[in-house]
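Fold and geometry: a report
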Amino acid sequence: MFSWADCVSGFAFVAAFIGAYILAGCCQQQCLVEQVSSRSLIHIDPAVTWISLSFGNFINRTLKFVSSLYNGIIPDGGDEPGPLSPNDEHDNEFITAVNALLKDYLDAMEAVKLRLGLQIVMLISMRGNNYLQSSGLNKALMTSDPKRCAQVVSRAVNLIY
């Protein structure tokens, strides 16, 4: 389930996983090394680049907002400890979708389906970026509805974590 307690080292694991996949891709000839004027250029599979850019964009947008508007302190979103309820009035679709994606991700990792796991990470990051966009996370939301803004920020950081 999507909660603070269950995601203790999720981000570190996913970041390490993406890095390991990139390195494994280089070792398994998925990367092409060319000699160009006595320099080696490594061409990484565009799918891997896209995953890292999408996931990185989501992380950057969220943490930059926390850093600049909350002085680096994650705000209290008012959520109860433990898994978030899929019956939430604002984010029920988001919570349900993320819980399903996390279950699929864990199933893929249990079955050692690394490519599928990366595709699911990409879907989670896309879902996170869509959540930030649809929630209208910006300075205006912080001014007009600080409680909702704190809730959106804390849930986005939770998804990263």
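It should be emphasised that the depicted structure is a prediction, and the values quoted were computed from it without experimental measurement.

So, about helix H4 (residues 114–135). Each α-helix winds once per 3.6 residues, and so residues spaced three or four apart point in a common direction. Spanning 22 residues, H4 covers 31 Å between terminal C-alpha atoms, matching the ideal 32 Å at 1.5 Å per step. Gly136 lies just past H4 and shows a positive phi near 70°.

Attention shifts here to the pattern of salt bridges. According to the stated counting rule, one finds five salt bridges in the structure shown. The salt bridge involving Arg155 is made with Asp79; its shortest N-O contact spans 2.7 Å. One end of the pair, Arg155, is in helix H6 (residues 146–160); the other, Asp79, is in the loop between helix H2 (46–69) and helix H3 (92–110), with 76 residues separating them in the sequence. The class for Arg155 is buried, based on a relative accessible area of 2%. If you follow the salt bridges from partner to partner, you end up with Asp79, Asp91, Arg148 and Arg155 in one network.

A ring pair, where both rings are aromatic, is described by two values, the distance of the centres and the angle of the planes. Going through the model one piece at a time under the given rule, you end up with two aromatic pairs. Residues Phe65 and Tyr70 carry aromatic rings whose centres are separated by 6.2 Å and whose planes lie at 55° to one another, so their mutual orientation is tilted. Overall, Tyr70 belongs to the buried group, its relative accessible area being 16%. A ring pair is formed by Phe94 and Tyr131, whose centres lie 3.9 Å apart and whose planes are at 10°; its orientation type is stacked. In this pair, Phe94 sits in helix H3 while Tyr131 sits in helix H4, placing the two residues 37 residues apart along the sequence.

What follows covers the packing of H3 against H4. At their nearest, the axes of H3 and H4 sit 8 Å apart, and the two run at 165° to each other. Classified by the interaxial angle, the pair formed by H3 and H4 is roughly antiparallel. The interaxial crossing formed by H3 with H4 has left-handed handedness. Facing H3, whose interface residues are Glu93, Phe94, Ala97, Val98, Leu101, Leu102, Asp104, Tyr105, Ala108 and Met109, H4 presents Leu114, Leu116, Gly117, Ile120, Val121, Leu123, Ile124, Arg127, Gly128 and Tyr131. In terms of residue class, the contact of H3 with H4 is built from 15 nonpolar, two polar and three charged.

It is at 11 Å that the axes of H4 and H6 come closest, and there the two elements cross at 170°. Relative to H6, the element H4 is oriented roughly antiparallel. Counting all contacts with H4, which are made through Ile124, Gly128, Tyr131, Leu132 and Ser135, the residues of H6 involved are Arg148, Gln151, Val152, Arg155, Ala156 and Leu159.

So, on to H6. For H6, built from 15 residues, the straight-helix expectation of 21 Å at 1.5 Å per residue is met to within 8% by its first-to-last C-alpha distance of 21 Å. By the criterion of burial, H6 is predominantly enclosed, with 13 of the 15 residues buried.

What counts as what
- Here the residue index of a chain counts from 1 through its sequence in written order.
- With the structure being a predicted model, the display of local features is reserved for residues of pLDDT at least 70 and the display and counting of side-chain atom pairs for 80 or more, all residues being used for whole-chain, interface and lining totals.
- Water and hydrogen atoms were dropped before computing side-chain values, which therefore reflect all heavy atoms in the structure.
- Working definition: helices are DSSP H or I runs of at least four residues, strands are E runs of at least two. Numbering for both runs from the N terminus.
- For a helix, the expected span equals 1.5 Å multiplied by the number of residues minus one.
- By definition, a salt bridge exists where a carboxyl oxygen of Asp or Glu is found within 4 Å of a side-chain nitrogen of Lys or Arg.
- Partly exposed describes any residue whose relative accessible area lies between the buried limit of under 20% and the exposed limit of over 50%, with all areas from a 1.4 Å probe on protein chains only and scaled to the type maximum.
- In this scheme Phe, Tyr and Trp rings, the latter by its six-membered ring, pair at centre separations within 6.5 Å, and the angle between planes marks the pair as stacked below 30 degrees, edge-to-face above 60, and tilted otherwise.
- For helices, the axis comes from a line fit to the C-alpha atoms of the stretch in contact; other axes are also lines fit to C-alpha atoms, and the angle between any two N-to-C directions lies between 0 and 180 degrees.
- Should an angle lie under 35 degrees it is considered roughly parallel, over 145 roughly antiparallel, and from 65 to 115 roughly perpendicular; all remaining angles are considered oblique.
- Note on convention: near helix rotated counterclockwise from far helix by under a right angle means a left-handed crossing. Clockwise means right-handed.
- Contact definition: two residues touch when any of their heavy atoms are within 4.5 Å.
- Ten residue types, Ala, Val, Leu, Ile, Met, Phe, Trp, Tyr, Cys and Pro, are classed as nonpolar, four, Asp, Glu, Lys and Arg, as charged, and the remainder, Gly among them, as polar.

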